[in-house]
Amino acid sequence: MDYQLIRSKRKTLSLQINNNAELIVRAPNRLSVKKIEQFMHEKSDWISKKSRSIRARKTQAPSYKEGEKFLYLGVEYPLNINITQSEGLNFDGQRFSLNQGGKKVFLAWYKSAFKKIALPRLEYYAKNHQLKYQQVRLKNQKTLWGSCSGVNNINLNYLLIGAPIFVIDYVLVHELCHTVHKNHSKSFWKLVETILPNYKASKRWLQDNGYKLKNL
């Protein structure tokens with residue numbers, strides 16, 4: 001990861017994310033780069049979380065005007081304003097077309113699209129890997145992409161429809177694996193990896209881009 005290193009006579013390491021979401025590392029003069037980067041690796045979750053938070057604050061909410069772009073399955077598509085169409089929001093594979101409604105209409109469309117695309121994939125992974133769940137609820141959540149209750153009810157954040165399919169699959173499989181392991185133990189991650197060997201790429205995508213999905 002990119003960072004700016006500032007050395008001084010200080011005795012301890014310090015990490016800071018500035019207002020541009022850049023990582024600033026302050027370190028003692030004689031501390032080796034290897035130890036500095038090891039410390040950064042140990043704090044990688046904090047770094048990612050803090051960076052996402054700052055980037056999200058800097059990202060302006062859309063005004064639903066002509067030419068603005070909106071994510072769908074990992075690709076940004078432009079918005080066309082068409083007051084003559086009968087439906088509030090249409091998508092033709094190349095652009096969104098909006099009559100009226102803005103955020104409310106987009107949320108409804110995203111929820112419907114997620115239901116059509118994601119739920120069959122959830123069922124596919126469940127059947128192919130003998131993972132049993134109860135009810136599924138679709139929500140617009142501020143902090144979670146998904147959750148699994150003690151009785152195996154699964155909640156899914158339908159704003160994931162903005163992410164690539166491989167990322168959606170990761171969240172689906174993640175929650176299905178919680179029907180077996182109610183924690184993030186080594187056994188849990190081993191099961192996730194058995195189903196999705198490249199799950200870490202999906203995890204990184206969410207860490208780097210997740211804030212964009214919630215910017216409606």
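Position numbers for residues start from 1 in each chain and track the written sequence from start to end. Two thresholds apply to this predicted model, a pLDDT of at least 70 for residue-level local features and 80 or more for giving and counting side-chain atom pairs, whereas whole-chain, interface and lining totals are computed over all residues. With hydrogens and water stripped out, all remaining heavy atoms of the structure feed into the side-chain values.

Q: Tell me what's going on with the pairing of strand β2 (residues 14–17), and back it up with residues and numbers.
A: Here is the key point about a regular strand: its side chains alternate between the two faces of the sheet. The buried label goes to any residue with under 20% of its type's maximum accessible area, the exposed label to any with over 50%, and the partly exposed label to all in between, with areas taken from a 1.4 Å probe on protein chains only. Only DSSP runs of H or I covering at least 4 residues are called helices, and only runs of E covering at least 2 are called strands; the numbering of each starts at the N terminus. Where burial is concerned, the two faces of β2 differ: the one with Leu15 and Ile17 is buried and the one with Ser14 and Gln16 is not. In this description, strands pair whenever DSSP reports at least two bridges between them. Sheet topology places β2 next to strand β3 (residues 23–28); 4 bridges connect them, and they run antiparallel. Of the residues in β3, the one forming a bridge with Ser14 is Arg26.

Q: An account of the environment of Ile195 is needed here, citing residue identities and associated values.
A: Within the secondary structure, Ile195 sits in helix α5 (residues 186–195). Given a relative accessible area of 11%, Ile195 falls into the buried group. Residues Ile195 and Val173, spaced 22 residues apart in sequence, show a C-alpha to C-alpha distance of 7.6 Å. Any two residues whose heavy atoms approach within 4.5 Å at even a single point are treated as in contact. Once residues lying within four places of it in the same chain are set aside, the contact partners of Ile195 are Tyr125, His129, Leu131, Val173 and Cys177.

Q: So what about the confidence of the model for the chain? Which residues, and what values?
A: In this model, the chain carries a mean pLDDT of 91, and residues with pLDDT of at least 70 account for 97%. pLDDT expresses how confident the predictor is about each individual residue, on a scale running from 0 to 100. Across the chain, the secondary-structure element scoring lowest on mean pLDDT is helix α2 (residues 44–58), at 81, and the one scoring highest is helix α4 (residues 165–177), at 97.

Q: Break down the sheet that holds β3 for me, citing the residues and quoting the values.
A: The 3 strands are arranged β1-β3-β2 in an open sheet whose pairing can be described as mixed. Two strands lie at the open edges of the sheet, namely β1 (4–8) and β2, each paired on one side alone. Across the sheet, the axes of successive neighbouring strands diverge by a mean angle of 20 degrees, strand direction being ignored. Lying over the sheet, helix α1 (residues 33–42) contacts β1, β2 and β3, oriented at roughly 135 degrees with respect to β3. To get an axis, fit a line to the C-alpha atoms, keeping to the stretch in contact for a helix; angles then go from 0 to 180 degrees between the N-to-C directions.

Q: Tell me about unusual backbone geometry, and name the residues and values.
A: A positive phi angle is found at Gln130, which is not glycine, with a value near 50 degrees. Take Gln130: it is sitting in the loop between α3 (103–128) and β8 (136–139).

Q: Can you break down the state of the cysteines residue by residue, with the values?
A: Only a pair of cysteine sulfur atoms within 2.5 Å counts as a disulfide in this structure description. Using the criterion set out here, one finds 0 disulfides in the structure. Looking at Cys148, it has no disulfide partner, and the nearest cysteine sulfur is the one in Cys177, 10.0 Å off. Judged by its relative accessible area of 0%, Cys177 falls in the buried class.

Q: I'd like to hear about the sheet that holds strand β9 (residues 146–148), residue by residue, with values.
A: Strand pairing in a sheet is mediated by backbone hydrogen bonds. Such pairs are either parallel or antiparallel. Ordered in space as β8-β10-β9, the 3 strands form an open sheet in which the pairing is mixed. Only two strands of the sheet have a single partner each, and these edge strands are β8 and β9. When the angles between neighbouring strand axes are averaged without regard to direction, this sheet yields 15 degrees. The pairing of β8 with strand β10 (residues 154–157) spans 4 bridges and is parallel. Among the inter-strand pairings, Lys139 is bridged to a residue of β10, identified as Asn157. Contacts from α3 reach β8 and β10, with the element oriented near 145 degrees to β8.

Q: Any details on α3? Residues and values, ideally.
A: The span you would expect from a helix comes to 1.5 Å times its residue count less one. The end-to-end C-alpha separation of α3 is 37 Å, in line with the 38 Å expected for 26 residues at 1.5 Å each. Three or more residues of α3 are buried, namely Phe106, Leu107, Trp109, Tyr110, Ala113, Phe114, Ala118, Leu122, Tyr125 and Ala126. In the stretch just after α3, Gln130 is the one whose phi turns positive, near 50 degrees.

Q: Explain the side chain of Asp169 residue by residue, including any values.
A: The residue Asp169 is located in helix α4 in this model. Identification of polar contacts relies on pairs of N or O atoms within 3.5 Å, with a donor-acceptor requirement for protein atoms, meaning one able to donate a hydrogen and the other able to accept it, and with residues adjacent in sequence counted only if both atoms are side-chain atoms. At 2.7 Å, the side chain of Asp169 forms a polar contact with the side chain of Arg121. A distance of 3.0 Å separates a polar atom in the side chain of Asp169 from a polar atom in the side chain of Tyr125. With sequence-adjacent residues up to four places away left out, Asp169 is seen in contact with Arg121, Tyr125 and Leu196.

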